[in-house]
Every structure is written in structure tokens, then in C-alpha cells.
Amino acid sequence: MEPIIRAHLPTSAQHIVLRKSALDYMARYIQNRLWKLEAGGQLFGHLKDGTLEIKVATGPYLGDLRTRFGYRSKPDCAQREIKKQRGQGLYYCGDWHTHPQTHPTASTEDLSTISKMVQRSDFRLSCMVMVIQGTDDGAQGVAVYTSSGDAPKRWEVIDDWVRIV
């Protein structure tokens, strides 16, 4: 069976599924050494039967701002990727980035960023997704946040299932 992470919002019939392809891509950039910088990019997927399936993670891009404790995607590269993936039938769902934490949590800047993304984006989904890849393997090393214009919501990962905290 394909390893996935599922997210369920109790107030919605929708689910979020992070597919193996996206999880494997983000895991390539785990900050498990002191010299490794934060990395990140965009998340793409589609809605299918009330489930948002995130299939593709992209980035980082040449020219992104990357430090040990910070990441900022180069906007023109991100926009090119959004157009490319849309041409392949996938929608922009949000962003991902790494943290040098075993069990990652969003910083104040991360929470501000996802709120700003919702305000600036012309997205076709009910929420914007932010995934943070920590240093732990598997579901416990991934944090999922969503925002639909309100305060971002953190999702708790338990045994490959994600629920809102």
C-alpha cells in the first residue's frame, strides 16, 4: 500500500491526502545536518470526490533565499511552476518548506505567510495548505496547516492520519 498522510477537517466533508510522490520529494531536503539550509516550494494536486490529493511538490528554485532557519521562494520561478502544473491538470494547493526540527511547528512568520498567501492568491480551493517537513522520518516529521482567510489551523499527525488540533 502506498504510504500517504491523510488530513480531515471535522467541520468539512473534505480530506487532504499527501501522496507518496510529494512526501518523497520533500524528504529529499530534510535538514538532518547542520550545514543543510531550509528548502521549499509549491504543492500541486486536484480535488477528487471531496478529497484534495496533493501529488506533486516542486522547488527549491535557483535564486530562492535559503538560510538555516529561513526560506523564501523566488516569485517568478514559483509562478512559472504554477502555470506549468496547471497545464498538466494540477491546481496550486499551497507551499511546503523544511524545518530543522524533529517534529516541526510553524513559526510566527510561517503563520503570517500562509495568511498572506490566502489574501494574495487566486486559488480555486476552499483553503490554502502549508506543509512543513521536519527531520523525523514518516508522518511524525510532517506538519500540516491550512488557512481559508481565517486563523491558520494546525493539523496533528497520528499514525499517518492527520486531524485538526
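Above this text is the structure in question.
Within every chain, residues take consecutive numbers counted from 1 along the sequence as written. Thresholds applied to this predicted model are a pLDDT of at least 70 for local features of residues and 80 or more for the giving and counting of side-chain atom pairs; totals over whole chains, interfaces and linings are not thresholded and use all residues. Neither water nor hydrogens contribute to the side-chain values; these are computed over all heavy atoms in the structure.

## Structural notes on the overall build of the chain
Here comes step 1: Secondary structure follows DSSP: runs of H or I at least 4 residues long count as helices, runs of E at least 2 residues long count as strands, and numbering of each begins at the N terminus. Within the chain, the regular secondary structure consists of 3 helices and 11 strands.
Here comes step 2: Listed N to C, the secondary structure of the chain is β-β-α-β-β-β-β-α-β-α-β-β-β-β in terms of helices and strands.
Here comes step 3: Relative to its 165 residues, the chain shows a buried fraction of 46%.
Here comes step 4: The long-range share in the chain, meaning contacts at least 24 apart out of those at least 6 apart in sequence, stands at 61%. For every residue, the accessible area (1.4 Å probe, protein chains only) is compared with the maximum for its type, and the residue is labelled buried under 20%, exposed over 50%, or partly exposed between those bounds. The criterion used for residue contact is that any of the two residues' heavy atoms lie within 4.5 Å.

## Structural notes on the packing of aromatic side chains
Here comes step 1: Side-chain rings of Phe, Tyr and Trp (the six-membered ring for Trp) are treated as a pair once their centres are within 6.5 Å; stacked means planes under 30 degrees apart, edge-to-face means over 60, and tilted covers the remaining angles. Per the counting criterion, the structure on display carries 4 aromatic pairs.
Here comes step 2: Between Tyr25 and Trp96 the ring centres are 6.3 Å apart and the planes differ by 90°, which places this aromatic pair in the edge-to-face class. You can see Tyr25 sitting in helix 1 (residues 20–27) and its partner Trp96 sitting in strand 7 (residues 91–98), a full 71 residues away along the chain. For the pair Tyr25 and Trp96, one class covers both residues: buried.
Here comes step 3: Put simply, a charge is over a ring when the Lys NZ or the Arg CZ is close to the ring centre, within 6 Å, and near the line of the ring normal, within 35 degrees. The lysine or arginine in question, Arg68, covers the ring of Phe69, its NZ or CZ lying 5.9 Å from the ring centre.
Here comes step 4: We note Arg86 situated over the ring of Tyr91; from NZ or CZ to the ring centre the distance is 4.0 Å.

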